[in-house]
Amino acid sequence: MSITIVLASAAQTVLTVFAAASLHAAFPELGKQFEAAHPGVSVRFDFDGSQILEAQLAQGAQADVFASADKRWMDKATSDGLVGPSTQFATNALVIVAGSSSGVATPQDLTKPGLKLVLCADAVPCGRYAHQTLEKMDSEPAFGTGYAAAVTHNVVSQEQNVEDVLAKVNLGEADAGIVYRSDTIGHTSVKVIDLPSQDQPAVVYPMASLKKSSSPDLATAFIAFVRSPRGQAILQKFGFGPAP
Amino acid sequence: MRHPSAALRDSTVSAVGIALAVIFVLFIVVALAALVLRVSPQAFGAALRSQIVLQALWLSLKTSALCALIIAVCGTPLAALLTRPFRGSHALETLVTLPVVLPPVVGGLALLLAFGRMGLLGRQLDMFGIHLPFTTAAVVLAQTFVAAPLYIAVAKSAFARVDPNLVDAAATLRASRTYTFVRVIIPPALPALAGGLALAWARALGEFGATITFAGNLPGVTQTMPIAVYMSAQTDLQPAITVAVVLMVLSYGALLVVRRAAGGTGLAP
């Protein structure tokens, strides 16, 4: 859980953005650009799992914008009456990360007996997407039925977030993991292996302004900025795909 | 004959003391009640019958019991050693207390970097076919790492409080060191030792950060109750609260039993 302390001077308006943990690299840059275009505005971020952020907002936490890593938690926020209509601002893809001495070079290699594979837990979007992808790959002739079961058999741990999956692969304690492409930017010590895009669920990031926001116009402006060509370019720099 | 104002001051101070104690108790009770009140008896019963909960419960009990055994067997001699100061004993005592100060996740990371596949002792362990991360054994080690200092501190103070005259008398009667330790030092210290072990066991039962970092999270292998609660909370708070209350009720019951058995000598913490 991240704790941010803000000292807002009288002249500054603070825009509070609750954003999914996977956005922790891209969003600060978006924030800086937004602040440059809006003098007197300071953007403050709270990064955490989408599910935790939604729970905090439902319990009364104060924010202006909510950016979720998947539709499910935005839907929950909507049914909890927390947000207005949401828009999609980015997409992401799942990839395999593997240690250089892991012997993993293709998705097929994930079925190797004795391989130590780490995934995100099912409750975390990344984990759910990984399982959905593996199920779809089961029906692909290239992988065959039994693929998902064989891969799942190799799972030694279900981590609570993507960073932990990457950490265990980086440390060499796990041979491979499944994370978002955006998480691999800058990690040169691990191999990145694509998973078939046709088998992946649409990983779409929705964003919405909170009904209880104290700066609704600013919130709308921020969302518009993220969807603008400049905002999209920044997101792509960090490994995200374009808004659908 | 006490001056009336002294008596008044005395009763005011006690009243303030009692009020502060009551406020603190309420602080704990209200927080725990907030959880318990959210769980209906039916939900409680259903949780006790769920596969995931039973698996996590059994794993937690197994691992924390083994952990308590290891702590008792290894911690007791260490605490006895630390009772008489020797050169370096203070440094040693501070060292073994350190895990308590470390954030649990950092403790888990330390264990991973030491005993993991790529760790300091990774190659050596591999030679003996010992692979620790992602195993139930790793759960026990993580729990032991964080809980042992609690027992050692209590045990040391319990041993230090044993009447030295008894020990001297045993020496003059030519009792061996082992006999003295087992028959003269341990019995009076036993209630405090039991209380300290209960404390360490409770800490081991509630351990999360070190466990999930070193041992990982896999149902049936490394998913202990606290991890199950946390994972459940990610999806839906209500089942998580229910499972948390199961853990609470279990721990409360067990701690109560141990304290009763330890006896109310006031030495138990």
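What counts as what
Residues numbered from 1 in each chain as written. Chains lettered and ligands numbered in written order. Predicted model: local features only at pLDDT ≥ 70, side-chain atom pairs only at ≥ 80, totals over all residues. Helix = DSSP H or I, 4+ residues; strand = E, 2+ residues; numbered from the N terminus. Buried ≥ 20, exposed ≤ 12 C-beta atoms within 10 Å, placed from the backbone. Rg over C-alpha atoms; globule rule 2.2 N^0.38 Å. Domains from an automatic or database assignment. Contact = placed C-beta atoms within 7 Å. Nonpolar A, V, L, I, M, F, W, Y, C, P; charged D, E, K, R; others polar. Core = buried A, V, L, I, M, F, W, Y, C linked by C-beta atoms within 7 Å. Pairing = 2+ DSSP bridges. Axes fitted to C-alpha atoms, helices over the stretch in contact; angles between N-to-C directions. Expected span 1.5 Å × (residues − 1). Bend = angle between axes of the 7 residues up to and from the residue. pLDDT = per-residue confidence, 0-100. Parallel < 35°, antiparallel > 145°, perpendicular 65-115°, else oblique. Left-handed = near helix turned anticlockwise from the far one by under 90°.

**Student:** Could you give an account of the overall build of chain B, with specific residues and numbers?
**Tutor:** Helix and strand content of chain B: 12 helices and zero strands. Tracing chain B from N to C terminus, the helices and strands come up as α-α-α-α-α-α-α-α-α-α-α-α. Overall, chain B is about 65 × 55 × 30 Å in size when its C-alpha atoms are taken along their principal axes. Residue burial in chain B is summarised as follows: out of 269 residues, 35% are buried.

**Student:** Mind laying out the overall build of chain A, listing which residues take part and the relevant values?
**Tutor:** Secondary structure summary: chain A contains nine helices and 10 strands in total. Rg of the C-alpha trace for chain A: 19 Å, near the compact-globule value of 18 Å for 244 residues, within the 12% margin. With respect to the three principal axes, the spread of C-alpha positions in chain A is 60 × 35 × 30 Å. By the burial criterion, 48% of the 244 residues in chain A qualify as buried.

**Student:** How would you explain the domain arrangement of chain A if you had to name every residue and give the values?
**Tutor:** Residue and element names in this part refer to chain A. The assigned domain composition of chain A is domain 1 (13–91 + 203–237) and domain 2 (94–199). Across the boundary between the two partners, domain 1 contributes nine residues, which contact 10 residues of domain 2. In terms of residue class, the side of domain 1 that touches domain 2 is built from four nonpolar, four polar and one charged.

**Student:** Got a sec to walk through unusual backbone geometry? Specific residues and values, please.
**Tutor:** All names here are of chain B. Its identity is not glycine, yet Phe134 carries a phi of approximately 70°, on the positive side. If you trace the backbone, Phe134 turns up in the loop between helix 6 (122–127) and helix 7 (136–160). The backbone of Arg174 sits at a positive phi, close to 60°, despite the residue not being glycine.

**Student:** How would you explain the nonpolar core if you had to name every residue and give the values?
**Tutor:** The nonpolar side chains of a soluble globular protein tend to be buried, and buried together. Counting 96 residues, the largest nonpolar core has Leu117(A), Ala176(A), Ala142(B), Tyr151(B) and Ala200(B) as its most contacted members. When residues of this core are assigned to their parent elements, the largest contribution, 17 residues, is made by helix 7 of chain B. Once residues lying within four places of it in the same chain are set aside, the contact partners of Ala200(B) are Ala68(B), Ile71(B), Ala147(B), Ala148(B), Leu150(B) and Tyr151(B). By size, the runner-up hydrophobic cluster in this structure holds 41 residues, among which are Leu23(A), Phe45(A), Ala67(A) and Trp73(A).

**Student:** Go over the interface of chain B and chain A, please, and point to the residues and values.
**Tutor:** Taken together, the 14 residues of chain B in the interface contact 15 residues of chain A. For the side of chain B that touches chain A, the per-class residue count stands at eight nonpolar, five polar and one charged.

**Student:** I'd like a rundown of the sheet that holds strand 7 (residues 155–159) of chain A, residues and numbers included.
**Tutor:** Residue and element names in this part refer to chain A. Pairing in this open sheet of five strands is mixed, and the strands run 7-6-8-5-9 from one edge to the other. Looking at the sheet topology across the chains shown, the edges are occupied by strand 7 and strand 9 (190–194). Strand after strand, the sheet turns through a mean of 30° between neighbouring axes, direction not considered. With four bridges connecting them, strand 6 (residues 117–120) and strand 7 associate as parallel partners. Paired with Leu119 across the bridge in strand 7 is Gln158. Most of the contacts of helix 4 (residues 125–138) go to strand 6, to which it runs at about 120°, and overall it touches strand 5 (94–99), strand 6, strand 7 and strand 8 (176–180).

**Student:** So what about helix 4 (residues 89–101) of chain B? Which residues, and what values?
**Tutor:** Under the 1.5 Å per step criterion, the end-to-end length of helix 4 of chain B is 19 Å for 13 residues, consistent within 8% with the ideal 18 Å. In helix 4 of chain B, a bend of some 25° at Leu95(B) exceeds every other bend along the element, and Pro99(B), a proline, comes one to four places later.

**Student:** Please give an account of the environment of Pro239(B) that cites residues and values.
**Tutor:** Structurally, Pro239(B) is set in helix 12 (residues 237–262). When the C-alpha atoms of Pro239(B) and Ala47(B) are compared, they prove to be 7.9 Å apart, with 192 residues separating the residues in sequence.

**Student:** Account for the sheet that holds strand 4 (residues 87–92) of chain A, naming residues and giving values.
**Tutor:** Residues and elements named next belong to chain A. Taken in spatial order, the five strands make up an open sheet running 2-1-3-10-4, and their pairing is mixed. The open sheet terminates on both sides in strands that have one partner only, identified here as strand 2 (41–48) and strand 4. On average, each strand axis in the sheet is tilted by 20° relative to the strand beside it, whichever way the strands run. Pairing between strand 4 and strand 10 (residues 203–209): five bridges, direction antiparallel. In the sheet register, Gln88 faces strand 10, and the bridge partner there is Pro206. Contacts from helix 8 (residues 216–227) reach strand 1 (13–20), strand 2, strand 3 (65–67), strand 4 and strand 10 within the one sheet, and its direction differs from that of strand 10 by about 155°.

**Student:** Provide a residue-level description of the confidence of the model for chain A, including the pertinent values.
**Tutor:** With 95% of its residues at a pLDDT of at least 70, chain A reaches an overall mean of 90. When mean pLDDT is compared element by element in chain A, strand 3 of chain A scores highest at 96, while helix 2 (residues 50–58) of chain A scores lowest at 90.

**Student:** Which residues make up the packing of helix 5 (residues 104–115) of chain B against helix 7 of chain B, and what values do they have?
**Tutor:** All names here are of chain B. Contact pair helix 5 / helix 7: the axes reach a minimum separation of 10 Å and the direction vectors enclose 125°. In terms of their interaxial angle, helix 5 and helix 7 are classed as oblique. Helix 7 is crossed by helix 5, and the crossing has right-handed handedness. The residues of helix 7 that touch helix 5, namely those facing Pro104, Gly107, Gly108 and Leu111, are Leu141, Ala142, Phe145 and Val146. In terms of residue class, the contact of helix 5 with helix 7 is built from six nonpolar, two polar and no charged.

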